Amino acid sequence: MANTQINVNNKIRAREVRVIDATGANLGVMSTAEALGRARADGLDLIEISPTAMPPICKIMDYGKYKYEESKRAAQQRKNQKTVELKELTFRPNIEKHDLDVKLKAARKFIAEGNKVKFTIRFRGRELSNMTVGINLFDRIKAELADEIKVEKEPTAEGRQMQMVVAPAK
(Lines give C-alpha, C1' and ligand atoms only; values in the text may rest on other atoms or scores of the structure.)
Protein backbone atom coordinates (compact mmCIF):
# COMPACT_ATOMS: atom_id res chain seq x y z
CA MET A 1 0.00 0.00 0.00
CA ALA A 2 1.18 3.51 -0.76
CA ASN A 3 -0.10 5.03 2.46
CA THR A 4 1.06 2.91 5.39
CA GLN A 5 -0.94 4.88 7.99
CA ILE A 6 -4.66 4.85 7.16
CA ASN A 7 -6.82 7.11 9.31
CA VAL A 8 -10.00 5.45 10.53
CA ASN A 9 -12.91 6.82 12.58
CA ASN A 10 -11.63 9.12 15.39
CA LYS A 11 -8.11 9.34 13.89
CA ILE A 12 -9.40 11.51 11.01
CA ARG A 13 -8.23 15.07 11.82
CA ALA A 14 -9.93 17.10 9.06
CA ARG A 15 -12.89 19.30 10.01
CA GLU A 16 -14.83 18.54 6.85
CA VAL A 17 -14.70 15.48 4.61
CA ARG A 18 -16.26 14.37 1.34
CA VAL A 19 -18.20 11.20 2.13
CA ILE A 20 -18.91 8.18 -0.06
CA ASP A 21 -21.33 5.64 1.41
CA ALA A 22 -21.10 1.83 1.37
CA THR A 23 -22.96 1.61 -1.97
CA GLY A 24 -20.54 4.04 -3.63
CA ALA A 25 -22.91 7.03 -3.70
CA ASN A 26 -21.40 10.47 -3.04
CA LEU A 27 -23.06 12.00 0.04
CA GLY A 28 -21.22 15.30 -0.38
CA VAL A 29 -19.12 17.38 2.01
CA MET A 30 -20.03 17.22 5.71
CA SER A 31 -18.38 17.59 9.09
CA THR A 32 -16.26 14.71 10.32
CA ALA A 33 -18.52 14.24 13.35
CA GLU A 34 -21.63 13.96 11.14
CA ALA A 35 -19.88 11.49 8.79
CA LEU A 36 -18.71 9.43 11.77
CA GLY A 37 -22.29 9.37 13.11
CA ARG A 38 -23.61 8.05 9.77
CA ALA A 39 -20.93 5.34 9.68
CA ARG A 40 -21.68 4.20 13.22
CA ALA A 41 -25.44 4.20 12.49
CA ASP A 42 -24.76 1.72 9.69
CA GLY A 43 -22.43 -0.32 11.94
CA LEU A 44 -19.43 0.47 9.72
CA ASP A 45 -16.19 2.50 9.85
CA LEU A 46 -15.26 5.87 8.34
CA ILE A 47 -12.03 5.35 6.39
CA GLU A 48 -9.93 8.19 4.96
CA ILE A 49 -9.32 7.07 1.36
CA SER A 50 -7.61 10.18 -0.04
CA PRO A 51 -6.10 12.35 2.73
CA THR A 52 -4.39 14.77 0.29
CA ALA A 53 -7.62 15.89 -1.44
CA MET A 54 -9.37 19.09 -0.34
CA PRO A 55 -11.49 18.19 1.56
CA PRO A 56 -10.21 14.65 2.29
CA ILE A 57 -12.27 11.83 0.80
CA CYS A 58 -13.68 9.28 3.26
CA LYS A 59 -15.65 6.13 2.63
CA ILE A 60 -18.13 4.40 4.88
CA MET A 61 -17.28 0.69 4.89
CA ASP A 62 -15.96 -2.16 7.03
CA TYR A 63 -12.26 -1.55 7.82
CA GLY A 64 -11.42 -5.28 7.73
CA LYS A 65 -12.94 -5.55 4.24
CA TYR A 66 -10.97 -2.47 3.12
CA LYS A 67 -7.65 -3.94 4.34
CA TYR A 68 -8.47 -7.24 2.60
CA GLU A 69 -9.22 -5.48 -0.71
CA GLU A 70 -5.99 -3.43 -0.44
CA SER A 71 -3.91 -6.57 0.15
CA LYS A 72 -5.59 -8.26 -2.83
CA ARG A 73 -4.89 -5.22 -5.03
CA ALA A 74 -1.23 -5.15 -3.94
CA ALA A 75 -0.88 -8.91 -4.60
CA GLN A 76 -2.37 -8.47 -8.08
CA GLN A 77 0.10 -5.68 -8.88
CA ARG A 78 3.02 -7.86 -7.76
CA LYS A 79 1.71 -10.71 -9.89
CA ASN A 80 1.45 -8.50 -12.99
CA GLN A 81 4.98 -7.15 -12.56
CA LYS A 82 7.45 -8.60 -15.06
CA THR A 83 11.04 -8.95 -13.94
CA VAL A 84 13.53 -8.56 -16.78
CA GLU A 85 16.31 -11.12 -16.64
CA LEU A 86 19.73 -10.88 -18.26
CA LYS A 87 20.44 -14.01 -20.31
CA GLU A 88 24.00 -14.67 -21.44
CA LEU A 89 25.13 -16.36 -24.64
CA THR A 90 28.84 -17.20 -24.85
CA PHE A 91 30.85 -18.27 -27.87
CA ARG A 92 34.29 -18.14 -29.47
CA PRO A 93 35.38 -15.78 -32.29
CA ASN A 94 35.74 -18.59 -34.83
CA ILE A 95 32.16 -19.87 -34.39
CA GLU A 96 30.69 -21.67 -37.40
CA LYS A 97 27.65 -20.24 -39.21
CA HIS A 98 25.22 -22.95 -38.08
CA ASP A 99 26.36 -22.66 -34.45
CA LEU A 100 25.84 -18.90 -34.60
CA ASP A 101 22.36 -19.43 -36.06
CA VAL A 102 21.52 -21.68 -33.10
CA LYS A 103 22.73 -18.98 -30.68
CA LEU A 104 20.69 -16.34 -32.53
CA LYS A 105 17.60 -18.54 -32.35
CA ALA A 106 18.05 -18.76 -28.56
CA ALA A 107 18.58 -14.99 -28.42
CA ARG A 108 15.33 -14.41 -30.36
CA LYS A 109 13.48 -16.61 -27.87
CA PHE A 110 14.90 -14.67 -24.90
CA ILE A 111 14.05 -11.33 -26.52
CA ALA A 112 10.51 -12.49 -27.32
CA GLU A 113 10.07 -13.27 -23.61
CA GLY A 114 11.10 -9.67 -22.84
CA ASN A 115 14.56 -10.45 -21.43
CA LYS A 116 17.86 -8.73 -22.14
CA VAL A 117 20.62 -10.75 -23.78
CA LYS A 118 24.35 -10.41 -23.11
CA PHE A 119 26.55 -11.75 -25.89
CA THR A 120 30.07 -12.70 -24.78
CA ILE A 121 32.93 -13.70 -27.05
CA ARG A 122 35.82 -15.44 -25.27
CA PHE A 123 39.27 -15.20 -26.80
CA ARG A 124 42.10 -17.69 -26.18
CA GLY A 125 45.79 -17.51 -27.03
CA ARG A 126 46.57 -15.71 -30.27
CA GLU A 127 42.90 -14.93 -30.94
CA LEU A 128 43.33 -12.03 -28.50
CA SER A 129 45.58 -10.17 -30.98
CA ASN A 130 42.76 -9.97 -33.57
CA MET A 131 39.81 -8.27 -31.83
CA THR A 132 38.35 -7.09 -35.15
CA VAL A 133 36.97 -10.62 -35.64
CA GLY A 134 34.86 -10.10 -32.51
CA ILE A 135 33.67 -6.68 -33.64
CA ASN A 136 32.69 -8.11 -37.04
CA LEU A 137 30.81 -10.92 -35.29
CA PHE A 138 28.89 -8.42 -33.14
CA ASP A 139 28.07 -6.37 -36.28
CA ARG A 140 26.71 -9.54 -37.88
CA ILE A 141 24.58 -10.26 -34.79
CA LYS A 142 23.23 -6.68 -34.81
CA ALA A 143 22.35 -6.99 -38.51
CA GLU A 144 20.58 -10.35 -38.00
CA LEU A 145 18.50 -9.10 -35.06
CA ALA A 146 18.13 -5.46 -36.22
CA ASP A 147 14.31 -5.34 -36.16
CA GLU A 148 13.97 -7.13 -32.81
CA ILE A 149 16.59 -5.44 -30.61
CA LYS A 150 18.09 -2.19 -29.47
CA VAL A 151 21.73 -2.22 -28.38
CA GLU A 152 21.90 -1.26 -24.73
CA LYS A 153 25.67 -1.60 -24.30
CA GLU A 154 27.93 -1.38 -27.35
CA PRO A 155 30.64 -4.06 -27.75
CA THR A 156 33.46 -3.56 -25.24
CA ALA A 157 36.64 -5.52 -24.65
CA GLU A 158 37.27 -6.58 -21.05
CA GLY A 159 40.36 -8.71 -20.60
CA ARG A 160 40.08 -11.88 -22.67
CA GLN A 161 36.48 -11.31 -23.70
CA MET A 162 34.19 -8.90 -25.55
CA GLN A 163 30.64 -8.20 -24.47
CA MET A 164 27.52 -6.57 -25.88
CA VAL A 165 24.11 -6.23 -24.19
CA VAL A 166 20.87 -5.95 -26.19
CA ALA A 167 17.27 -5.42 -25.10
CA PRO A 168 13.92 -5.96 -26.84
CA ALA A 169 13.09 -3.15 -29.31
CA LYS A 170 9.48 -2.63 -28.08
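Predicted, not measured: the structure shown is a model, and the values here were computed from it.

### With respect to helix 2 (residues 63-80)
Compared with an ideal rise of 1.5 Å per residue, which puts 18 residues at 26 Å, helix 2 spans 26 Å between its outermost C-alpha atoms and is within 8% of the ideal. Within the sequence span of helix 2, burial applies to Tyr66, Glu70 and Ala74. The buried side chains of helix 2 occupy one side of the element, clustering within an arc of 70° when seen end-on. In helix 2, those exposed residues whose orientation departs by more than 90 degrees from the buried face are Tyr68, Lys79 and Asn80. In the core, the buried residues of helix 2 are packed alongside strand 3 (45-50) and strand 4 (57-61).

### Some points on the sheet that holds strand 4
The 4 strands are arranged 2-1-4-3 in an open sheet whose pairing can be described as mixed. Two strands lie at the open edges of the sheet, namely strand 2 (26-31) and strand 3, each paired on one side alone. Between one strand axis and the next, the sheet turns by 35° as a mean value, whatever way the strands run. Bridge count between strand 1 (residues 16-20) and strand 4: 3 bridges; the pairing is parallel. Bridge pairing in strand 4 places Ile20 opposite Lys59.

### Points about the pairing of strand 6 (residues 116-122)
The buried fraction of strand 6 amounts to 5 of the 7 residues, a majority that puts the element mostly inside the structure. For strand 5 (residues 86-91) and strand 6, the ladder comprises 6 bridges, and the chain directions are parallel. By the bridge assignment for strand 6, Lys87 is matched with Val117. Relative to strand 8 (residues 161-168), strand 6 runs antiparallel, the two sharing 6 bridges. Paired with Thr120 across the strands is Gln163, a residue of strand 8.

What counts, and where the lines are drawn
Residues numbered from 1 in each chain as written. Predicted model: local features only at pLDDT ≥ 70, side-chain atom pairs only at ≥ 80, totals over all residues. Heavy atoms only, no water. Helix = DSSP H or I, 4+ residues; strand = E, 2+ residues; numbered from the N terminus. Expected span 1.5 Å × (residues − 1). Buried < 20%, exposed > 50% of the residue type's maximum accessible area, 1.4 Å probe, protein only. Arc of directions from axis to C-beta. Contact = heavy atoms within 4.5 Å. Pairing = 2+ DSSP bridges. Axes fitted to C-alpha atoms, helices over the stretch in contact; angles between N-to-C directions.

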